[in-house]
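Structural overview for review
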Amino acid sequence: TTTHEGLRININNQEKEVVLLIKWRGRSYVQCSWERPCDLEKFDPTGNTAKGKIKRYYQSQHTALGPNWRAVLEERRSIASSTTSHHHHHFVSNEAKDGNEKENNSNSNFG
């Protein structure tokens, strides 16, 4: 399995919950799913495999990004999100300004 971490935010009360993006063994990447670590551990038939994999994932992030690895990842997500929305906004602005969608598609910043 391949794992990536994210946050699920409950819009009603702004609670944040850690979720892991799981690539399941024997399944395609289309079938990846976001799962809470506690659910992975609860439904692990061995009682130990999920816990060990989650621990190794956290250790690898700590090694690669340092003790504040969660903050580093969140900052990267925030930058990526603002860059994506900036490019999209720029694209829409050009399209509206020029009124020529076909020309703007070929000259956009998407690559």
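Higher on the page you've got the structure.
Reference entry: report on the structure contained in this document.

The rules behind these values
Residues numbered from 1 in each chain as written. Predicted model: local features only at pLDDT ≥ 70, side-chain atom pairs only at ≥ 80, totals over all residues. Heavy atoms only, no water. Helix = DSSP H or I, 4+ residues; strand = E, 2+ residues; numbered from the N terminus. Buried < 20%, exposed > 50% of the residue type's maximum accessible area, 1.4 Å probe, protein only. Contact = heavy atoms within 4.5 Å. Core = buried A, V, L, I, M, F, W, Y, C linked by side-chain atoms within 4.5 Å. Polar contact = N/O pair within 3.5 Å; in protein donor to acceptor, adjacent residues only side chain to side chain. Salt bridge = Lys/Arg side-chain N within 4 Å of Asp/Glu carboxyl O. Phe/Tyr/Trp six-rings, centres within 6.5 Å; stacked < 30°, edge-to-face > 60°. Lys NZ or Arg CZ within 6 Å of the ring centre and 35° of its normal.

1. Some remarks on the overall build of the protein
Of regular secondary structure, the protein possesses four helices and three strands. Ordering the α and β elements of the protein from the N terminus gives β-β-β-α-α-α-α. Counting across all 111 residues of the protein, residues that qualify as buried make up 20%. Sequence-distant contacts, at least 24 apart, represent 21% of the contacts inside the protein between residues at least 6 apart.

2. Topic: the nonpolar core
The biggest cluster of nonpolar side chains holds eight residues, and these are Leu20, Ile22, Leu40, Ala50, Ile54, Tyr57, Trp69 and Leu73. Counting residues per element, the ones that place at least two in this core are β2 (15-23), α2 (49-65) and α3 (69-98). In terms of residue count, the dominant contributor to this core is α2 (three residues).

3. What about the side chain of glutamine 61?
Looking at the secondary structure, you find glutamine 61 in helix α2. In contact with glutamine 61, other than residues within four places in its own chain, are Gly66, Trp69 and Leu73.

4. Quick notes on the environment of lysine 23
Assignment of secondary structure puts lysine 23 in strand β2. Classification of lysine 23 as buried rests on a relative accessible area of 14%. Spatially, the C-alpha atom of lysine 23 lies 7.0 Å from that of serine 33, the residues being 10 residues apart in sequence. Only 2.4 Å separates the side chain of lysine 23 from the backbone oxygen of arginine 27, close enough to count as a polar contact.

5. Structural notes on the pattern of salt bridges
Summed over the entire model, instances satisfying the criterion amount to three salt bridges. A salt bridge links aspartate 39 to arginine 36; the shortest N-O distance between them is 2.9 Å. Notably, a salt bridge pairs glutamate 74 with arginine 77, separated by 3.2 Å at the nearest N-O pair. One end of the pair is glutamate 74 and the other is arginine 77, both in helix α3 and three residues apart, which spans about a single turn. Looking at glutamate 74, the relative accessible area reads 35%, which means it is partly exposed. By sharing partners, the salt bridges in this structure join Glu17, Arg36 and Asp39 into a single network.

6. Regarding the packing of aromatic side chains
Within this structure, the stated rule accounts for three aromatic pairs. With a centroid separation of 6.2 Å and 85 degrees between ring planes, the pair formed by tyrosine 57 and tryptophan 69 is classed as edge-to-face. One end of the pair, tyrosine 57, is in helix α2; the other, tryptophan 69, is in helix α3, and 12 residues separate them in sequence. With respect to burial, tyrosine 57 and tryptophan 69 carry one shared label: buried. On the basis of an interplanar angle of 35 degrees and a centroid distance of 5.5 Å, the ring pair of tyrosine 58 and tryptophan 69 is categorised as tilted. Of this pair, tyrosine 58 sits in helix α2 while tryptophan 69 sits in helix α3, and the two are 11 residues apart along the sequence. Aromatic rings pair up to connect Tyr57, Tyr58 and Trp69 into one cluster. The ring of tyrosine 29 is capped by lysine 23, whose NZ or CZ atom sits 5.0 Å from the centre of that ring. Positioned over the ring face of tyrosine 58 is arginine 70, at 4.9 Å from the centre of the ring.

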